[in-house]
Amino acid sequence: MRHPILLSAALLGSFALAACDKSGDAQVERALQDVNVVDETNLNDVMLTVADPNEAVNYFTRAATNDPGRIDLMRGLAKSLVRARRPADAVTAWSAVVDHDDSTLDDKIDLADALIRTNDWDKAEAVLDTIPPTYETFKRYRLEAMVADSNEEWANADSFYETAVGLTTSPAGVYNNWGFSKLTRGDYAAAERMFTAALRNDSDLFTAKNNLVLARGAQRNYDLPVVPMDQVERAQLLHTLALTAIKQNDLTIGRGLLKEAIDTHPQHFEAAVRAMRALEDNVTN
């Protein structure tokens, strides 16, 4: 009579072991899934930062196709298209992200950024107008400033640039854009101050150096600014200053600056040589 009891106990033990095995398998599976998620997240980050932009586009295109509806992959594709300098495709990708149920206000800001890159200022402004004024981010105000510039709403542009500067620890690019806005308006002294501020925050920003030279040249100040520069940069800045002088009909000064640019450059400076030939031909004729 004890055998059935023993058999039942054995069967129960077998079932328990089987259940343990299944539970263990499930735990292993979950652990592997967690590892895969971590690996994928790391790979996504790599693709968005250091990978070749076109490789990143291909990667996120495949990933989004294999797992449709995943907003992180959709964002990855949109960002990669911007990095790959395909703004029209980026607009399409960001529009899809914005239409997703899990989209955020930052996605709208990125859509506006892509629209600006396609020169569609009106649509970019319309998208930014849908964002509550209480949502204050650096990128939002930087784009708002650029849109205001495009509309020649100078007071608004100045206000947005000032706000953007206060929302970042790396304001060099904002100061450079603000300076170019001032340059466009013909406020050369203010532009010079902005470009100088940009270089105080990032002394390697060559665009700001070149713009600073333009602002100084527009005021007929043809001396190079005291900023860090290597030999090639010095030659390029002298070339920019020379062209500014020639444009303002200060031909003798322009010729001297071109000669100095050619002599300064460590290699053959073709652009400056062509400018010198054109100047000499024009004077001769």
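In this text, all values refer to a predicted model and were calculated from it rather than measured experimentally.

Observations regarding the overall build of the chain
Counting its regular elements, the chain contains 14 helices and 0 strands. Along the chain, helices and strands appear, N-terminal first, in the series α-α-α-α-α-α-α-α-α-α-α-α-α-α. The burial tally for the chain puts 38% of its 285 residues in the buried class. Put simply, 47% of the contacts in the chain that link residues at least 6 apart link residues at least 24 apart. As displayed, the chain has an accessible area near 16400 Å², and 53% of this comes from carbon and sulfur atoms.

Structural notes on the packing of aromatic side chains
Per the counting criterion, the structure on display carries 4 aromatic pairs. When the centroid spacing of 4.9 Å and the interplanar angle of 75° are considered together, the rings of Y59 and F60 count as edge-to-face. There is no split in this pair, since Y59 and F60 are both buried. Ring pairing ties together the aromatic residues Y161, Y175 and W178, which thus form one cluster. Note that R140 overlies the ring of Y141, its terminal NZ or CZ placed 5.7 Å from the centroid.

Some details on the side chain of D149
Tracing the sequence through the fold places D149 in helix α7 (residues 138-150). For the buried residue D149, which engages in no salt bridge, the nearest side chain bearing the opposite charge is R185, 4.0 Å off. What D149 contacts, discounting residues up to four positions off in sequence, is W154, A157, Y161, S181 and R185.

A look at the nonpolar core
Core analysis: the largest hydrophobic core is formed by 56 residues, its most contacted members being W94, L111, L143, Y161 and Y175. The leading source of residues in this core is helix α3 (residues 71-83), at 7 residues. Those residues within four positions of Y175 in sequence are excluded, and the remaining contacts are V165, M194, A197, A198 and N201. Of all hydrophobic cores here, the second largest spans 17 residues; its members include L237, L238, L258 and A272.

Examining the pattern of salt bridges
Enumeration according to the criterion identifies 16 salt bridges in this entry. Among the salt bridges present, the one from D107 reaches R75, with a minimum N-O distance of 2.8 Å. Of the two residues, D107 sits in helix α5 (residues 105-117) while R75 sits in helix α3, which places them 32 residues apart along the sequence. On the basis of relative accessibility, which here comes to 2%, the residue D107 falls in the buried class. For R185, the salt bridge identified is with D158, shortest N-O distance 2.8 Å. Of this pair, R185 sits in helix α9 (residues 172-185) while D158 sits in helix α8 (residues 154-166); the two residues are 27 residues apart in sequence, bridging distant segments of the chain. Accessibility expressed as a relative area gives 18% for D158, which makes it buried. Via salt bridges that share partners, D67, R70 and D72 belong to a single interconnected network.

Quick word on helix α6 (residues 121-129)
What α6 keeps buried is the set A124, V127 and L128. Taken end-on, α6 shows its buried residues confined to a sector of 100°, consistent with a single buried face. Along α6, exposed side chains directed more than 90 degrees from the buried face belong to D122, K123 and D129. Packed against the buried residues of α6 are α5 and α7.

Rules behind the numbers
Residues numbered from 1 in each chain as written. Predicted model: local features only at pLDDT ≥ 70, side-chain atom pairs only at ≥ 80, totals over all residues. Heavy atoms only, no water. Helix = DSSP H or I, 4+ residues; strand = E, 2+ residues; numbered from the N terminus. Buried < 20%, exposed > 50% of the residue type's maximum accessible area, 1.4 Å probe, protein only. Contact = heavy atoms within 4.5 Å. Areas by Shrake-Rupley, 256 points an atom, 1.4 Å probe, with all protein chains shown as cover. Phe/Tyr/Trp six-rings, centres within 6.5 Å; stacked < 30°, edge-to-face > 60°. Lys NZ or Arg CZ within 6 Å of the ring centre and 35° of its normal. Lys, Arg positive; Asp, Glu negative; His and termini not counted. Salt bridge = Lys/Arg side-chain N within 4 Å of Asp/Glu carboxyl O. Core = buried A, V, L, I, M, F, W, Y, C linked by side-chain atoms within 4.5 Å. Arc of directions from axis to C-beta.

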